[in-house]
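# Close look at the chain arrangement
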Amino acid sequence: MSVLSSPYFHDEAKAFEHLESIVWADGIVCPHCGVVGGRVYDLSGVRGKPTLKTPEGALRHGLKKCGECRKQFTVKVGTVFEHARMPLHKMLQAVHLIASSKKGISAHQLGRILEVQYKTAWFLAHRIREAMRSGDLAAPFGSGGGAVEVDETYFGTKEGRRGAKAGTAHKFGVLALVDRETGTMRSFTFDKFRADEVHPIVLNNIAREARLMTDEAKMYKKIGREFAEHGTTLHGARQYVDYKDRTIHTNTVEGAFSIFKRGMKGVYQHCGEQHLHRYLAEFEFRYNSRQANGIDDRGRARAAIKGIVGKRLTYAA
Ligand SMILES: [Zn+2]
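Here is a short report on the structure shown in this document. Positions within a chain are numbered from 1, following the residues in the order the chain's sequence is written. Local features in this predicted model are restricted to residues of pLDDT 70 or higher, and side-chain atom pairs are both shown and tallied only at a pLDDT of 80 or more, whereas totals for entire chains, interfaces and linings draw on every residue. Heavy atoms throughout the structure, all of them, feed into the side-chain values; hydrogens and water do not.

Moving on, we come to the nonpolar core. We define a nonpolar core as any set of buried Ala, Val, Leu, Ile, Met, Phe, Trp, Tyr and Cys residues linked to one another through side-chain atoms lying within 4.5 Å. Relative accessibility under 20% of the residue-type maximum defines a buried residue, over 50% an exposed one, and the middle range a partly exposed one, all with a 1.4 Å probe and only protein chains included. With 37 residues, the main nonpolar core has F81, L88, L92, L110 and I128 as its most contacted residues. Helix numbers and strand numbers start at the N terminus; a helix is a DSSP run of H or I with at least 4 residues, a strand a run of E with at least 2. Per-element accounting of this core gives the leading share, eight residues, to helix α2 (residues 88-100).

Below you can see the structure in the form of structure tokens.
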């Protein structure tokens, strides 16, 4: 027995049941007319068009018919899984692998494990990452007066800037916020480390009653006055924790960055700028649902699956 011996990782009918139990936990929703908990018929035994591989036609799992609008649907409609042609049980394996590998997993490796082509694995991984993207309606960090750490980092090389060495203009910029009380992070990309890019992020995501924690960068000085308290450490002078007040530091957010950087280096070596926010969302998701926050691999995969609703993705390959 192992985690991956659960039937829904191998049996297509069980995979549909598993997804239904998560997506329709509060009753079946018809994706066509939106009716919740209405009359729904199970259409079992229906087969698709005959093909060379399956002359009798493939069994259509999880097929339902809405009693209100008379249209057919499955639990995949309206989710990131909808147009993927891979069997659902394989996609659930992929969700589990991505949700449980701390540093992420490359599309090449995912493809080898699932025995699908690289491109297929790549699309699937992006679908799952989209499911992990956190909602925008969450409460601001530091609500209730807790400490929120803010820091920026740079990594990688932007397209067309391969020769550049010095400075940061040729690198991707990422700003991260960590709410120390809940242990959760939010990350954002920026083009230039300038007030007009950085200040709105800080102001929109952190409650004014919070204790803001940053390094001594000038950028944070002015905005620090907007908050109940602004603690800074002098990284230039190699001071990482305030000598008098040991709660003044940015070590948590720097720890999160180091996990992110190790993952980007080791697993996702070539990340195009247009996809960066998705990789960030994946790391953010895994960080926020990590073991220290009381969530195990199974719970993390479940949370990722919950996120698939209403997130259809199309790619202009
Ligand atoms: Zn309907």
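Before going further, it helps to spend a moment on the side chain of Q93. As for its placement among the helices and strands, Q93 is situated in helix α2. The criterion used for residue contact is that any of the two residues' heavy atoms lie within 4.5 Å. Among all residues touching Q93, those that are not within four sequence positions of it are F9, H10 and L114.

We now examine the sheet that holds strand β1 (residues 40-42). Two strands make a pair as long as DSSP finds a minimum of two bridges between them. Read from one edge of the open sheet, three strands run β1-β2-β3, paired in antiparallel fashion. On the outer flanks of this sheet lie β1 and β3 (72-73), each paired with one strand and no other. Note: strand β2 (residues 64-66) against β3, two bridges, orientation antiparallel. Residue K65 lies in a different strand from β3, and its bridge partner there is Q72.

Looking now at the pairing of strand β7 (residues 211-215). Counting buried residues in β7 gives five out of five residues, a clear majority hidden from the surface. Burial of the side chains of β7 extends over both faces: R211, M213 and D215 are buried on one face and L212 and T214 on the other. Strand direction decides the pairing type here: strand β4 (residues 147-155) and β7, joined by three bridges, are parallel. Pairing of E149 across the sheet is with M213, part of β7. Bridge analysis of β7 against strand β8 (residues 229-233) gives five bridges, and the strand direction is parallel. The residue bridging T214 from the neighbouring strand is T232, located in β8.

The next thing to look at is the layout of surface pockets. Residues are called lining when one of their atoms sits within 4 Å of a cavity or pocket point, these points coming from a 1 Å grid over the protein atoms alone, where a cavity is a set in which a 1.4 Å probe fits but cannot get out and a pocket is an open set with protein on both sides within 12 Å along at least five of seven lines. Grid points are joined across faces, edges and corners, and a volume is the space filled by probe spheres set on the points. Of the pockets and cavities examined, the largest pocket occupies roughly 740 Å³. If you trace the largest pocket, you find 22 residues lining it, with A58, L59, R60, K76 and R85 closest to the centre. Among the elements of the structure, α1 (12-23) and β3 are those that each provide at least two residues to the lining of the largest pocket. Each residue gets one label: Ala, Val, Leu, Ile, Met, Phe, Trp, Tyr, Cys and Pro are nonpolar, Asp, Glu, Lys and Arg are charged, and the others, such as Gly, are polar. Split into classes, the residues belonging to the lining of the largest pocket amount to nine nonpolar, seven polar and six charged.

As summarised here, the arrangement of the five strands in space is β6-β5-β4-β7-β8, forming an open sheet in which the pairing is mixed. Across the chains shown, the open sheet's two edge strands, defined by having one partner strand only, are β6 (184-190) and β8. Taking each pair of neighbouring strands and ignoring which way they run, the sheet shows an average axis angle of 25°. Helix axes are fitted to C-alpha atoms over the stretch in contact, other axes to C-alpha atoms as well, and angles between N-to-C directions run from 0 to 180 degrees.

Coordinating donors are taken to be N, O and S atoms lying within 2.8 Å of the metal, or within 3.2 Å when the metal is Na, K or Ca; because water is excluded from the atom set, some sites may appear incomplete. Of the protein atoms, only C30 (SG), C33 (SG), C66 (SG) and C69 (SG) coordinate the zinc ion, at distances of 2.3 Å. What the four donor atoms of the zinc ion show is an angle range of 106 to 113° at the metal, which sorts the shape as tetrahedral. Counting gaps between the donor residues of the zinc ion yields the pattern C-x2-C-x32-C-x2-C. With C33 in the loop between α1 and β1 and C69 in the loop between β2 and β3, this residue pair connects regions lying 36 residues apart in the sequence. Judged by its relative accessible area of 39%, C33 falls in the partly exposed class. Residue C69 is classed as partly exposed on the basis of its relative accessible area of 24%. A four-donor site is classed as tetrahedral when every donor-metal-donor angle falls between 85 and 135 degrees; four donors are called square planar, and six octahedral, when trans pairs exceed 155 degrees and all remaining angles lie between 65 and 115, with any other arrangement labelled irregular.

Right, let's talk about the pattern of salt bridges for a bit. By salt bridge we mean one thing: a side-chain nitrogen of Lys or Arg within 4 Å of a carboxyl oxygen of Asp or Glu. Taken as a whole and assessed by the stated rule, the structure comprises eight salt bridges. As a salt-bridge pair, K64 and E20 come within 3.8 Å of each other at their nearest N and O atoms. You can see K64 sitting in strand β2 and its partner E20 sitting in helix α1, a full 44 residues away along the chain. The pair K64 / E20 is uniform in exposure class, with both members buried. Three or more residues are tied together by salt bridges with common partners; here these are E20, D42 and K64.

Turning our attention to the packing of α2 against helix α4 (residues 118-132). Two packed helices can be described by the angle between their axes and the distance between those axes. Where α2 meets α4, the axes come as close as 10 Å, and the angle between the chain directions of the two elements is 65°. Viewed along their axes, α2 and α4 form a crossing whose handedness is right-handed. Where α2 abuts α4, its residues M91, A94, V95, I98 and A99 lie against L124, A125, I128 and M132. Across the contact of α2 with α4, the residue classes tally to nine nonpolar, no polar and no charged. In this scheme the crossing of two helices becomes right-handed for a clockwise turn of the near helix relative to the far one and left-handed for an anticlockwise turn of less than a right angle.

Just geometry here; none of it tells us what the structure is for.
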